[in-house]
Amino acid sequence: MTELTYLKRYSAAIFLALVFFIIGFFSTFIEALLPVLKSYFHINYMMMSLFDSSFFIVYALLSYPMARLLVKVNLIRSLQFGIAVIFVGTVMWYMLIRW
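Residues numbered from 1 in each chain as written. Predicted model: local features only at pLDDT ≥ 70, side-chain atom pairs only at ≥ 80, totals over all residues. Heavy atoms only, no water.

Novice: Looking at this structure, how should I read the overall build of the protein?
Specialist: Per the secondary structure count, the protein includes three helices and zero strands. If you list the helices and strands of the protein from N to C, you get α-α-α. Whereas a compact globule of 99 residues would reach a radius of gyration of roughly 13 Å, the protein reaches 17 Å, over 25% beyond that. Each principal axis of the C-alpha atoms in the protein carries an extent, and together these give about 60 × 25 × 20 Å. (Helix = DSSP H or I, 4+ residues; strand = E, 2+ residues; numbered from the N terminus. Rg over C-alpha atoms; globule rule 2.2 N^0.38 Å.)

Shown next as C-alpha cells:
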C-alpha cells in the first residue's frame, strides 16, 4: 500500500476514536449534570431517572434509522450534522439556565 492509504486509514481511525470519546464524554456529562438539574428545577427522583434513561432510550430507538440514513448520506456529512445538533443543544441548555 502507498503512504497515502496508510495516512487515510490512520486518520479515519483517529477520527472514529475521537467521536467515540466525545459520545462517552456526553454520556458521562449527563450523569454529572443530573444532581444540578434536580436542585435547579426542583424535580423528584422519578423525573431525574426518566431524564437519565431517556438519553439511552433514544440511543436504542434511533440507532437503526440513523444507520440507514448513514448508508444514504456520506459519513462526514452525518457527523457534521450530529456535531451541529450537539452544539445547538448545548447553546439551548446554556440559554435555559441563564434565563
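Novice: Mind showing me how you'd approach the layout of surface pockets here?
Specialist: Empty space among the atoms becomes visible once a probe the size of a water molecule is rolled across them. In this structure, the largest pocket encloses a volume near 1,600 Å³. In terms of lining residues, the largest pocket is bounded by 34 residues, among which Ile23, Tyr59, Gly82, Val85 and Ile86 are the most central. Secondary structure elements with two or more residues in the lining of the largest pocket: α1 (3-41), α2 (45-72) and α3 (75-98). Tallied by class, residues from the lining of the largest pocket come to 28 nonpolar, six polar and no charged. (1 Å grid on protein atoms, 1.4 Å probe; cavity = no way out; pocket = protein on both sides within 12 Å on 5 of 7 lines; lining within 4 Å. Points joined across faces, edges and corners; volume = space filled by probe spheres on them. Nonpolar A, V, L, I, M, F, W, Y, C, P; charged D, E, K, R; others polar.)

Novice: Looking at this structure, I do not really get the packing of aromatic side chains. What am I missing?
Specialist: By convention here, two paired aromatic rings are described through the distance between centres and the angle between planes. Under the definition given, this model contains one aromatic pair. Where Tyr40 meets Phe41, the ring centres are 5.0 Å apart and the plane angle is 90 degrees; that geometry is what we call edge-to-face. (Phe/Tyr/Trp six-rings, centres within 6.5 Å; stacked < 30°, edge-to-face > 60°.)

Novice: Would you mind going over unusual backbone geometry with me for this structure?
Specialist: For residues other than glycine, phi is negative in most cases, and the peptide bonds are mostly trans. Unlike most non-glycine residues, His42 shows phi in positive territory, near 55 degrees. When you line up the elements, His42 lands in the loop between α1 and α2.

Novice: Explain α2 here, please?
Specialist: An α-helical turn contains 3.6 residues, so any two residues separated by three or four positions project in the same direction. When the terminal C-alpha atoms of α2 are compared, their 41 Å separation across 28 residues agrees well with the 40 Å that a helix rising 1.5 Å per residue should span. The largest bend along α2 measures about 45 degrees and falls at Leu62, with the proline Pro65 one to four residues further on. (Expected span 1.5 Å × (residues − 1). Bend = angle between axes of the 7 residues up to and from the residue.)

Novice: Would you mind showing me how to read the confidence of the model for the protein here?
Specialist: The predicted coordinates of low-pLDDT regions are not to be read in fine detail. Scored by pLDDT, the protein has a mean of 80; 92% of the residues are at 70 or more. Within the protein, the lowest mean pLDDT, 77, falls on α1, and the highest, 85, falls on α3. (pLDDT = per-residue confidence, 0-100.)

Novice: Looking at this structure, how should I read the environment of Arg9?
Specialist: Its location among the elements puts Arg9 in helix α1. C-alpha of Arg9 to C-alpha of Ser78: the two residues are 69 residues apart in sequence and 19 Å apart in space.

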